[in-house]
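# Breakdown of the fold
What follows is the residue order along each chain.
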Amino acid sequence: MFDQIVGAFEAAFTLYNLIAIAGGVALGIVIGAIPGLGSITAMAILIPVTFYMTPLAAIAFLVGVNKGGTSGGAIPAILLNSPGTPEAAATALDGHPMAKRGEAKRALKFAIFSSVTGDTISDVLLILLVVPFAAIALQFGPFEYTSVLLFAFALLAGITGDSPLKGTIAIFLGVYISTIGLDPVHSTQRMTFGEVHLYDGIALSALAIGSLALASVLVEIIDLGRGGGKESFVTEQPKRGAKTALPFREFFSYWKTLIRSALIGSGVGMLPGLGVTLAAFLSYGAARRSSPNGDNFGKGEPEGIIATEAANSAVVGSNLVPTIALGIPGNIAAALLIGALVMHGIVPGPFMLTMHGDLIYALFASMIIANFIHLVIGRAGVDLWVHFATIPRGLILPPVLMFCIIGVFLPSQSLWDVGFMLVFAGVGILMIRTGFSIVCLVIGFLLGDLFETSLRQTLLLYNGKYGETVQSPVAMIFLLMTAGVMVRSFMKSRKSRRV
């Protein structure tokens, strides 16, 4: 075991890998600081770039982007009360009041330190728990996989957006789109209309970049063209306040909040479909209830920033537990990582630790190293981040638009993929306008193949004798939880509409 750990750090601690991690963290922070983009958009855009990297450097790069983008989302939330992502809304509650009273740098330091601390705790839990999870996963059959996937779909549909019905429709639309191409069993054409370019299905990069990245960029450009927004992303902030320094002793005086928030974020991240938004607000609520300064929350209380940022970043590591152990992404970022793994010939699931153990442990080592790099880059760039968002939107959005097109075209050298990207950009804009969840669509697409395969294997296995399914207690538990989650989600949605 010790030799394996030493070998993992030797593989991770190379100049090429360190440059990839540092580049990922820096790009994640910069793109995360732009409202409306965030770490998911950054990962979706940059996945094609990793095609030319080694598998370890590629995944470490994307993990660095996710780590940096998660903390970078706090920058606009603190500086202008404009969270670029839903989870950053909790950070804005106390971060922006601190910025308004001249403590913007201090608030950003609380955010970056909390983010790195929560992320490190989460990574340690990932390393400790992924092997037990994988051992349990080896006992899973097709029926168990189907039930777990249905539970993940139910959680995602119930939490993402205001309508569980719209979430469910978006998920199974993604599953439906994933069936385009050749049937994996009979090799017959499905919805290809005789077009050779559709035999392999629709590319992940085209769907993900189109619906996630390009759609949000086009919405920003449309709003800017109509004059429905600010010319720049951020208004001018005070450069100096009464207090800009943050001693480590003061920061670690909040150690109880740090640990509690990291554990909440880790727990949420291990459950497929829950995501960082739930972790942020659960942690914020728990911190407010347990803090002696609870009445000051929402008025510029540093503990509020600590609670949300530690929980947000803790999801980054823990969502890889179901990803590596089961092959089921904990959230959209993990789903994109699965796409990158598959692109490099690595199939996520219970056997990944056996077949690619050296790579996985080297990835764990890279994640620990990335936390230290994240701390250095984040702390050194506090002054820069304060001024970064003052760049006019008209200068930022066109290059991102071109990056989307180039990023989809390069891996396949196919204009068909670019065309599909434009189609899904339109679909994404339509979904944004009508309240459907793009996250549900993308995760449904990514899990569609696994869901179809496990469902068909289940139907063949039981061959009409579905009464025997009760002999699988694990599957029965997940199916009952699925029903419970869906009933609760629909009742809650119905109650909110009445109010």
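Reading the values: the criteria
Residues numbered from 1 in each chain as written. Predicted model: local features only at pLDDT ≥ 70, side-chain atom pairs only at ≥ 80, totals over all residues. Heavy atoms only, no water. Helix = DSSP H or I, 4+ residues; strand = E, 2+ residues; numbered from the N terminus. Buried < 20%, exposed > 50% of the residue type's maximum accessible area, 1.4 Å probe, protein only. Areas by Shrake-Rupley, 256 points an atom, 1.4 Å probe, with all protein chains shown as cover. Salt bridge = Lys/Arg side-chain N within 4 Å of Asp/Glu carboxyl O. Contact = heavy atoms within 4.5 Å. Core = buried A, V, L, I, M, F, W, Y, C linked by side-chain atoms within 4.5 Å. Patch = residues over 30% accessible without salt bridge, like charges linked within 9 Å, V, L, I, M, F, W, Y side chains within 5 Å. Phe/Tyr/Trp six-rings, centres within 6.5 Å; stacked < 30°, edge-to-face > 60°. Axes fitted to C-alpha atoms, helices over the stretch in contact; angles between N-to-C directions. Parallel < 35°, antiparallel > 145°, perpendicular 65-115°, else oblique. Left-handed = near helix turned anticlockwise from the far one by under 90°. Nonpolar A, V, L, I, M, F, W, Y, C, P; charged D, E, K, R; others polar. Expected span 1.5 Å × (residues − 1). Bend = angle between axes of the 7 residues up to and from the residue.

### A few points about the overall build of the protein chain
Along the backbone of the protein chain there are 23 helices and two strands. Each of the 499 residues in the protein chain was classed as buried or not, and the buried ones make up 56%. For the protein chain, the exposed surface amounts to about 21400 Å²; the carbon and sulfur share of it is 68%.

### Description of the pattern of salt bridges
Scanning the entire structure with this criterion turns up five salt bridges. A salt bridge links E250 to R106; the shortest N-O distance between them is 2.4 Å. Here E250, found in helix α11 (residues 248-252), pairs with R106, found in helix α7 (residues 104-137); they are 144 residues apart in sequence, far enough to count as distant. Taking the relative accessible area as the measure of exposure, R106 reaches 7% and is therefore buried. Salt-bridge contacts for R456 lead to E452; the nearest nitrogen and oxygen are separated by 2.9 Å. Of the two residues, R456 and E452 both sit in helix α22 (residues 438-462), four residues apart, roughly one turn of that helix. Salt bridges sharing common partners tie together K67, D119 and D123.

### Quick look at the environment of Y199
As for its position among the elements, Y199 is in the loop between β2 (189-190) and α10 (204-225). Take Y199: its relative accessible area is 27%, and that puts it in the partly exposed class. Here the alpha-carbon distance between Y199 and I180, two residues 19 residues apart in the chain, equals 7.7 Å. Other than its neighbours up to four places away in sequence, Y199 contacts G181, L182, Q189 and T192.

### As for the nonpolar core
The biggest cluster of nonpolar side chains holds 123 residues, and the ones touching the most others in it are F110, I177, I324, F364 and M421. Among the elements that take part in this core, helix α18 (residues 357-380) stands out by supplying eleven residues, more than any other. Excluding residues that lie within four positions of it along the chain, F110 makes contacts with M98, L246, E250, F251, Y254, P302, I305 and I306. Among the nonpolar cores identified, the runner-up in size contains five residues, and V268, V276, A279 and A311 belong to it.

### A look at a nonpolar patch on the surface
The grouping of F51, Y52 and M343 at the surface amounts to a nonpolar patch, some 300 Å² of accessible area in total. Within the secondary structure layout, F51 lies in the loop between α3 (38-46) and α4 (55-72).

### Brief notes about the side chain of S454
Structurally, the position occupied by S454 is in helix α22. Exposure remark for S454: the relative accessible area of 4% places this residue in the buried category. Setting aside chain neighbours within four positions, we find S454 in contact with P142, Y145, T146 and L149.

### Points about the environment of A314
Its location among the elements puts A314 in helix α14 (residues 302-318). In sequence terms A314 and T70 are 244 residues apart; their C-alpha atoms lie 9.9 Å from each other.

### Some details on the packing of aromatic side chains
The tally for this structure, following the rule as stated, stands at eleven aromatic pairs. Ring geometry for F172 versus F451: centroids 6.2 Å apart, planes at 70°, classification edge-to-face. Of the two residues, F172 is situated in helix α9 (residues 164-178) and F451 in helix α22; the sequence distance between them amounts to 279 residues. The class for F172 is partly exposed, based on a relative accessible area of 36%. Among the residues examined, F451 registers a relative accessible area of 9% and is labelled buried. Site record: aromatic cluster; members linked through ring pairs are F110, F113, F251, F252 and Y254.

### Side note on the environment of D94
Mapped onto the fold, D94 is located in helix α6 (residues 88-100). For D94, a relative accessible area of 0% corresponds to the buried category. Sequence-wise, D94 and P302 are 208 residues apart; in three dimensions their C-alpha atoms are separated by 6.8 Å.

### Considering the packing of α9 against α22
Running from N to C, α9 and α22 point in directions that differ by 50°, and their axes come no closer than 6 Å. When the axes of α9 and α22 are compared, the pair comes out oblique. Crossing angle aside, the handedness with which α9 passes α22 is right-handed. For the pair formed by α9 and α22, the contact residues are G167, A170, I171, F172, L173, G174, V175, I177 and S178 on the first element and C440, L441, G444, F445, G448, D449 and F451 on the second. Considered class by class, the residues forming the contact of α9 with α22 number ten nonpolar, five polar and one charged.

### Focus on α10
The end-to-end C-alpha separation of α10 is 30 Å, in line with the 32 Å expected for 22 residues at 1.5 Å each. For α10, the principal kink sits at G210 and spans about 40°. The element α10 is largely enclosed, with a buried count of 17 among its 22 residues.

### Section: α18
Here α18 spans 35 Å end to end across 24 residues, near enough to the 34 Å set by a 1.5 Å rise per residue. For α18, the buried fraction is high: 17 of the 24 residues fall into the buried class.

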